[in-house]
Amino acid sequence: MLFVNNLPVLATPFEVLQELKAQLHANGIERFAEFKIGVNNIQFSCPIHKDGQERRPSCGLLTENPKDPHNTGLVHCFTCGYSATIEEMISHCFGYDDIGNYGREWLVKNFLTISVEYRKDLALNFARKLGQEACAYEYISEYELNRYRYIHSYMYKRKLTDEIIEKFDVGYDKDFMLKDVRIPCITFPVRDEQGRTLFFVRRAIHQKLFHYPEGVNKPVYGLYELPKDAKEVYICESVINALTCYVYGKCAVALLGTGTDFQYEQLKRLPVRNYILAFDPDSAGRKASERFKKALGKYKIITEVVIEDKGKDINDLSYEEFINLKKYF
Ligand SMILES: [Zn+2]
């Protein structure tokens, strides 16, 4: 098993390498022509020497280390002698020489956001079709909600106010377990339109990690809390960005990702005429915005705010920066 920031990577090492190969390919970079899976290692075409075009795989990744389970993910090439961690190798493949920082971010972004939830009683019977009203969840009990009703300073660090924490029932779960690793989290109850809690989105306090229960059909976050007379609504990807809009006096919802057909249906039905797209300023965000306009452009007035600073999202903006965002049709 691979680890990143001491968290288990929720995919096999082979899946990680395949995803890496696919994303490099999508960027016009051909690497990892061949794989050979061994007992405790995977051999692959070395991405370093011969400009990454080695025929016979001679570079290996250590995938199991019984003596020291956390010490896997080491890469070594028997031909050119390259030695690195998998994070460093990923960085290198994407053109970064940054002691593996980019590689770590890449692993977190691709393999830690959606993961296994060990609460067996949480989400049963997903069998019903997408687009149908509320699949048969067992709702989260008031008892469990109550267990998380604490304030943690991280909430204020992310600019949440007491009023917003109360309104959205933001909580703190200090004992959340993910594959035997304890990860203190901020909890955001996701409610259906009647206010029943379907599941939690968790944001780790010490790591850049969002967690959703596996296999849930994500509804639009914030529909229940939306004021009945809302005239315009900001559409964000993440919960924290949506709540930041409220802190700055604007109504918002979050798609908990880049948008699904089920969510477009929900937003189509909503008696709100103006949607303001506020997706993250990256390629996923741009695609999300295109898809959204295609799905709802006929029914709603859609404008878009564009954050010029690529590394930022709504939560990073000051009130002035937020209010002065340029709107585009
Ligand atoms: Zn090599």
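Novice: Hey, could you run me through the environment of aspartate 173 in this one?
Specialist: With respect to the helices and strands, the residue aspartate 173 is situated in strand β8 (residues 171–173). Residue class for aspartate 173 comes out buried when judged on its relative accessible area of 6%. Taking the C-alpha atoms as reference points, aspartate 173 and histidine 152, separated by 21 residues in sequence, lie 9.6 Å from one another. When neighbours within four sequence positions are excluded, aspartate 173 is seen to be in contact with Tyr148, Ile183, Pro184, Cys185, Thr187 and Arg202. In this structure the side chain of aspartate 173 is engaged in a polar contact, spanning 3.4 Å, whose partner is the backbone nitrogen of phenylalanine 176.

Novice: Any chance you could explain the sheet that holds β8 here in plain terms?
Specialist: One key point about sheets: their strands pair by backbone hydrogen bonds, in either a parallel or an antiparallel sense. Taken in spatial order, the four strands of this open sheet run β8-β11-β12-β13, and their pairing is antiparallel. A single partner strand is all that each edge strand has here, and the edge strands are β8 and β13 (210–211). Helix α7 (residues 239–247) rests against β11 (185–191), β12 (197–204) and β13 of the sheet, and its axis sits at about 80° to β11.

Novice: Teacher, can you tell me more about the environment of serine 283 here?
Specialist: Along the chain, the position of serine 283 falls in helix α9 (residues 283–296). For serine 283, a relative accessible area of 45% gives the class partly exposed. Distance from serine 283 to asparagine 315, taken between C-alpha atoms, is 19 Å for residues 32 residues apart in sequence.

Novice: Hey, could you run me through the sheet that holds strand β14 (residues 232–236) in this one?
Specialist: Taking strand neighbours across the sheet as the criterion, the five strands line up as β15-β14-β16-β17-β18 in an open arrangement whose pairing is mixed. Looking along the sheet, the strands with just one partner apiece sit at the ends: β15 (252–254) and β18 (327–328). Bridge analysis of β14 against β15 gives three bridges, and the strand direction is parallel. Bridging from a neighbouring strand, isoleucine 235 pairs with valine 253 of β15. Here α7 sits on the sheet and contacts β14 and β15; the angle it forms with β15, its principal contact strand, is near 175°.

Novice: Sorry if this is basic, but what is going on with the packing of helix α8 (residues 261–269) against α9 here?
Specialist: What describes two packed helices is the angle between their axes and the distance between those same axes. Contact pair α8 / α9: the axes reach a minimum separation of 10 Å and the direction vectors enclose 50°. When the interaxial angle is binned, α8 and α9 end up oblique. Note on packing geometry: the crossing formed by α8 with α9 is right-handed. From α8, Tyr264, Leu267 and Lys268 reach across to α9, where they touch Ala288, Arg291, Phe292, Ala295 and Leu296. A per-class count over the contact of α8 with α9 returns six nonpolar, no polar and two charged.

Novice: Quick question: what am I supposed to make of the pattern of salt bridges here?
Specialist: Opposite charge on two side chains allows them to pair when their charged atoms are near. Considering all chains together, one arrives at 16 salt bridges under this definition. A salt bridge links glutamate 142 to arginine 149; the shortest N-O distance between them is 2.8 Å. Its salt-bridge partner being arginine 191, residue glutamate 225 comes within 2.6 Å of it at the nearest N-O pair. A residue pair is termed long-range when its members are at least 10 positions apart, and glutamate 225 in the loop between β13 and β14 and arginine 191 in strand β11 qualify at 34 residues. We note that glutamate 225, like arginine 191, is buried. Within the structure, one salt-bridge network assembled from shared partners comprises Glu142, Arg149, Asp169, Arg191 and Glu225.

Novice: How should I be thinking about the nonpolar core in this particular structure?
Specialist: Within soluble globular proteins, side chains that are nonpolar tend to cluster in buried spots. Of all hydrophobic cores here, the largest spans 58 residues; its most connected members are Phe188, Ile235, Leu267 and Phe292. A total of six residues in this core trace back to one element, the largest contributor, which is α7. When we break this core down by domain, the ones giving at least three residues each are domain 2 (116–217) and domain 3 (218–329). Ignoring anything within four residues of it in the chain, the contact list for isoleucine 235 reads Val253, Leu255, Leu267, Tyr275, Ile276, Leu277, Ala278, Phe279 and Phe292. Within the second largest apolar cluster, 37 residues are counted, among which are Leu61, Ile90, Val108 and Leu112.

Conventions adopted
- Residues numbered from 1 in each chain as written.
- Predicted model: local features only at pLDDT ≥ 70, side-chain atom pairs only at ≥ 80, totals over all residues.
- Heavy atoms only, no water.
- Helix = DSSP H or I, 4+ residues; strand = E, 2+ residues; numbered from the N terminus.
- Buried < 20%, exposed > 50% of the residue type's maximum accessible area, 1.4 Å probe, protein only.
- Contact = heavy atoms within 4.5 Å.
- Polar contact = N/O pair within 3.5 Å; in protein donor to acceptor, adjacent residues only side chain to side chain.
- Pairing = 2+ DSSP bridges.
- Axes fitted to C-alpha atoms, helices over the stretch in contact; angles between N-to-C directions.
- Parallel < 35°, antiparallel > 145°, perpendicular 65-115°, else oblique.
- Left-handed = near helix turned anticlockwise from the far one by under 90°.
- Nonpolar A, V, L, I, M, F, W, Y, C, P; charged D, E, K, R; others polar.
- Salt bridge = Lys/Arg side-chain N within 4 Å of Asp/Glu carboxyl O.
- Core = buried A, V, L, I, M, F, W, Y, C linked by side-chain atoms within 4.5 Å.
- Domains from an automatic or database assignment.

None of the figures reported here should be taken as evidence of function without further support.
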